[in-house]
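Residues per chain, in single letters:
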Amino acid sequence: MEDNRFVWKLDDIYSCEENWYTDLEKAKQIASRLCQLQGKICQSAANLLEALNLNTRCEEYFSKLFTYASCHYDAEMTNANYKKLYETVFGESTTVDEQLAFVMPELMQLSREQFDAFCAEVPELSLYSHLMDDLFSRKEHILDEKSEQMLVRMQDMHSSYTKIYKDLMVSDTKYEEMTNSAGETVTVNDANYGGAMVDPDRNFRKAFFEKLFGVYGGYINTLSSNYYALVKANVAIAKTRNYPSARNQSLSQNFIPEEVYDNLLNTIRANTAPFQRYIELRNRVLGLEKSYMYDLFVPIVPDVDKKYSFDEAYDLMLKATAILGEDYTELVKRSRDERWCSVYPKKGKVSGAYSTSVYDVHPYMLLNYNGTLNDVFTLLHETGHSMHSWYSNQNQPFVYADYTLFCAEVASTTNEMILYHYLLDHAQTKEEKALLLSNHLNDIRSTFYRQSMFADFENQTHKLVEEGKPLLPDVLCEIHRKINEDYYGPGFVADRNISYEWARIPHFYRAFYVYQYATGISAAVAITNRIRKLGQPAIEDYKKFLRAGSSDHPIELLKLAGVDMASPQPILDTIADFDETLKQLEELL
């Protein structure tokens, strides 16, 4: 039986399912009350306040309901009752979204002057000033009620492209089996890709890679048509909402200037030399003339076969994050003592890791902890998310408590950077230091460079569709192959197999999302460097950011932490960090 210490305590959200169903009915009743204000929201200050309060309470209820259901389901996906909870809240929330589609168009009937006059009449309305400012700035993109209802349904249909992709590649595809260098039989699928790519037998890696990517190549016409349909839908929705492009619409949701996206891609493309030097170092250490994709995951520094118990990992996290102050580490202790975390993998549990939050309770973390150093870093990562949620929830009203996607990876990655520097500062041997430096380079490769490559791909594909050009299989494959060639340089072979890689990236079904991994790590590098250099003043700046939630736009919030993401500097700082780390590793090797 699983030790309760390592199972999250979801009773903190609802002590029993009966209470969950009671709150679901309350949420639906609140939505019904809000529906009674249809056509009257802007008639008076009192009506406006009531509508905004009801809308906020409805969102808070559904957030809590969804977290409880999804956490239960993710921990036990074979449990029919938990699946029922999840499907129930998903369906009810979609219904409510359709019922409340009138709210935004009605709010758009207000002018800034009318809202200010209402605030003077009813001061409580000032709570929503920032929210309304954002809405007013989007006024030209809000449609009439029927059009908004249509777009709600269209967005629901939009998810079908993801489902088609998953059904084809997960449910319907029969994958081959192979024998690895340890004599074990492994299925050639994405779930085993990571493990296969670090196998010491290059012939096995090559065969696994070519078989797996050959599956995507075999479906390339279907996958291309599905992705092309998705991009056309993205472009159509953006045009319908009067945005100049799909990218502009996506970035506008968080008020991110398009220069941020362009700075990322242009700055990296202009500074590929350190990255290409890293590929040359790998080739030298591995004894290769040139690398293929199946060579890029093999460690060039032998890993230390060391396991960390979960308690040891937590103690290490407390030591590393002590730099952030006692208030921070006390929260970290609470997360363990109060069972915020589902720790170990088990049958029927979802893979991966995440952090989620309940506004009036506390955050929750899901891990699949196996005791590796990578798992320790994952613990720091998810705890960073959770601490961000806690500070934000404690200092912001619900309407501004949830941080945006652009800010989401900053606190988590900052925690990872803090652990990395702590371990590096306390490394006792040359081998230990080399391993940390090598892992750091690989993290930047996968999170900064690789995600930027994917962002480059999305940028090019959407531009082609907006120019009226079709996304044929050869077009998509050549775009991706050329990006790999440009970034990795002459020490890398960008062959036909790697051209299929775009087809196995599920993040592309959430357009213009992946660039935020690269900007997130850039902000984290800058914040960590400030903390290590300036100490307490930088720590206080960082905590201002953690407390701020979404009370301002992301670019302004990160300025609180001393980082200007509207400039190329954080990108250049990350490249400089990569270059300096590479120099240190070159000296050791």
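For the structure, check the block above.
A brief structural summary. None of the values given here were measured: they were computed from a predicted structure.

What counts and how
Residues numbered from 1 in each chain as written. Predicted model: local features only at pLDDT ≥ 70, side-chain atom pairs only at ≥ 80, totals over all residues. Heavy atoms only, no water. Phe/Tyr/Trp six-rings, centres within 6.5 Å; stacked < 30°, edge-to-face > 60°. Lys NZ or Arg CZ within 6 Å of the ring centre and 35° of its normal. Buried < 20%, exposed > 50% of the residue type's maximum accessible area, 1.4 Å probe, protein only. Helix = DSSP H or I, 4+ residues; strand = E, 2+ residues; numbered from the N terminus. Arc of directions from axis to C-beta. Contact = heavy atoms within 4.5 Å. Pairing = 2+ DSSP bridges. Core = buried A, V, L, I, M, F, W, Y, C linked by side-chain atoms within 4.5 Å. Axes fitted to C-alpha atoms, helices over the stretch in contact; angles between N-to-C directions. Salt bridge = Lys/Arg side-chain N within 4 Å of Asp/Glu carboxyl O. Expected span 1.5 Å × (residues − 1). Parallel < 35°, antiparallel > 145°, perpendicular 65-115°, else oblique. Nonpolar A, V, L, I, M, F, W, Y, C, P; charged D, E, K, R; others polar. Polar contact = N/O pair within 3.5 Å; in protein donor to acceptor, adjacent residues only side chain to side chain. Disulfide = S-S within 2.5 Å.

1. Re the packing of aromatic side chains
Here is step 1 of the chain: Enumeration over the complete set of coordinates arrives at 43 aromatic pairs.
Here is step 2 of the chain: Taken together, the ring pairs in this structure connect Tyr-165, Tyr-227, Phe-454, Phe-457, Trp-502, Phe-508 and Tyr-509 into an aromatic cluster.
Here is step 3 of the chain: We note Lys-232 situated over the ring of Tyr-228; from NZ or CZ to the ring centre the distance is 4.4 Å.
Here is step 4 of the chain: The ring of Phe-297 is capped by Arg-445, whose NZ or CZ atom sits 5.0 Å from the centre of that ring.

2. Brief notes about helix H5 (residues 112-121)
Here is step 1 of the chain: Every buried residue of H5 is listed here: Phe-115, Phe-118 and Cys-119. Across the axial projection of H5, the buried residues extend over an arc of 105 degrees, all falling on one side. The exposed set on the far side of H5, more than 90 degrees from its buried face, consists of Glu-113, Ala-120 and Glu-121.
Here is step 2 of the chain: In this fold, the buried residues of H5 make contact with helix H2 (45-75) and helix H6 (129-137).

3. A short note on the pairing of strand S5 (residues 363-366)
Here is step 1 of the chain: Residues Pro-363 and Met-365 line one face of S5 and the alternating positions Tyr-364 and Leu-366 line the opposite face, and both faces are buried.
Here is step 2 of the chain: Bridge count for strand S3 (residues 341-342) against S5 is two bridges, and the pairing is parallel. The residue bridging Cys-341 from the neighbouring strand is Met-365, located in S5.

4. Focus on the pairing of strand S4 (residues 354-357)
Here is step 1 of the chain: One ladder, built from four bridges, connects S4 with S5; its direction is antiparallel. In the strand pairing of S5, Tyr-354 is matched with Leu-366.
Here is step 2 of the chain: Counting the residues between successive antiparallel strands, the hairpin from S4 to S5 contains five residues.

5. Here's the deal with the environment of Phe-213
Here is step 1 of the chain: Along the chain, Phe-213 turns up in helix H10 (residues 202-218).
Here is step 2 of the chain: Distance in space between the C-alpha atoms of Phe-213 and Ser-499 is 9.1 Å, their sequence separation being 286 residues.
Here is step 3 of the chain: Every residue in contact with Phe-213, bar those within four places of it in the chain, is listed here: Tyr-193, Asn-497, Tyr-500, Glu-501 and Arg-504.

6. Description of the nonpolar core
Here is step 1 of the chain: Judged by nonpolar contacts, the single largest core of 140 residues is most densely connected at Phe-208, Tyr-227, Phe-310, Val-376, Phe-448, Trp-502 and Phe-545.
Here is step 2 of the chain: For this core, the leading source of residues is helix H19 (residues 430-466), giving 14 residues.
Here is step 3 of the chain: Apart from residues lying up to four places away in sequence, Phe-310 is in contact with Phe-6, Cys-341, Val-343, Tyr-344, Leu-367, Tyr-369 and Leu-379.
Here is step 4 of the chain: Ranked by size, the runner-up nonpolar core spans 52 residues in total, among them Ala-31, Leu-37, Cys-71 and Tyr-82.

7. A look at the environment of Ser-63
Here is step 1 of the chain: You can see Ser-63 is positioned in helix H2.
Here is step 2 of the chain: The partly exposed category is assigned to Ser-63, whose relative accessible area is 28%.

8. Overview of the sheet that holds S3
Here is step 1 of the chain: The strand order S3-S5-S4 describes an open sheet built from three strands, whose pairing is mixed. In this open sheet, the two strands that pair with only one neighbour each are S3 and S4.
Here is step 2 of the chain: Where helix H17 (residues 373-395) meets the sheet, its contacts fall on S4 and S5, and the angle it forms with S5 comes to roughly 170 degrees.

9. A short note on the pattern of salt bridges
Here is step 1 of the chain: For the coordinates displayed, the defined rule picks out 37 salt bridges.
Here is step 2 of the chain: A salt bridge links Arg-247 to Asp-262, with the shortest nitrogen-to-oxygen separation between them at 3.0 Å. Highlighted residues: Arg-247 in helix H12 (residues 246-252) and Asp-262 in helix H13 (residues 258-269), separated in sequence by 15 residues.
Here is step 3 of the chain: Under the relative-accessibility criterion, Arg-247 is labelled buried at 8%.
Here is step 4 of the chain: Judged by its relative accessible area of 29%, Asp-262 is partly exposed.
Here is step 5 of the chain: Here Lys-559 and Glu-556 are joined by a salt bridge, their closest N and O atoms 3.5 Å apart. Of the two residues, Lys-559 and Glu-556 both sit in helix H24 (residues 554-560), three residues apart, roughly one turn of that helix.
Here is step 6 of the chain: On the basis of relative accessibility, which here comes to 40%, the residue Lys-559 falls in the partly exposed class.
Here is step 7 of the chain: Each of the salt bridges in this network shares a partner with another, and the network as a whole consists of Arg-269, Asp-456, Lys-482 and Asp-486.

10. Details of unusual backbone geometry
Here is step 1 of the chain: One non-glycine residue with positive phi stands out, namely Asn-242, at about 65 degrees.
Here is step 2 of the chain: Assessed through its relative accessible area of 43%, Asn-242 is described here as partly exposed.
Here is step 3 of the chain: In this structure, Phe-512 is a non-glycine residue whose phi angle is positive, near 55 degrees.
Here is step 4 of the chain: Looking at the element boundaries, Phe-512 is found in the loop between helix H21 (496-499) and helix H22 (515-534).
Here is step 5 of the chain: The buried category is assigned to Phe-512, whose relative accessible area is 3%.

11. Digging into helix H11 (residues 220-240)
Here is step 1 of the chain: Its 21 residues give H11 an end-to-end C-alpha distance of 30 Å, which sits within 8% of 30 Å, the value for a rise of 1.5 Å per residue.
Here is step 2 of the chain: Turning to H11, its buried residues are Ile-220, Leu-223, Ser-224, Asn-226, Tyr-227, Leu-230, Val-231, Ala-233, Asn-234, Val-235, Ile-237 and Ala-238.
Here is step 3 of the chain: Where H11 terminates, the next one or two residues include Asn-242, which has phi positive at roughly 65 degrees.

12. So, the packing of H13 against H22
Here is step 1 of the chain: In contact at an axis separation of 11 Å, H13 and H22 are set at 80 degrees when each is read in the N-to-C sense. The angle between H13 and H22 falls in the class roughly perpendicular. The residues of H22 that touch H13, namely those facing Val-260, Tyr-261 and Leu-264, are Tyr-515, Ala-518 and Thr-519.
Here is step 2 of the chain: Looking at side-chain class alone, the contact of H13 with H22 contains five nonpolar, one polar and no charged residues.

13. Comments concerning the environment of Asn-395
Here is step 1 of the chain: Residue placement: Asn-395 occurs in helix H17.
Here is step 2 of the chain: In terms of polar contacts, Asn-395 uses its side chain to reach the backbone carbonyl oxygen of Tyr-391, at 2.7 Å.

14. Re the side chain of Asn-415
Here is step 1 of the chain: For Asn-415, the location among the structural elements is in helix H18 (residues 405-425).
Here is step 2 of the chain: Apart from the residues within four sequence positions on either side, Asn-415 is in contact with Thr-321, Leu-324, Tyr-328, Leu-380, Thr-383 and Gly-384.

15. So, the side chain of His-72
Here is step 1 of the chain: Its location among the elements puts His-72 in helix H2.
Here is step 2 of the chain: Residue classification places His-72 among the buried positions, given a relative accessible area of 13%.
Here is step 3 of the chain: Excluding anything up to four places from it in sequence, His-72 contacts Leu-10 and Tyr-82.

16. Regarding the state of the cysteines
Here is step 1 of the chain: On inspection of all chains with the given rule, the structure shows zero disulfides.
Here is step 2 of the chain: The thiol sulfur of Cys-16 is not disulfide-bonded, and the nearest other cysteine sulfur, from Cys-71, lies at 17 Å.

These figures come from the coordinates and say nothing about function on their own.
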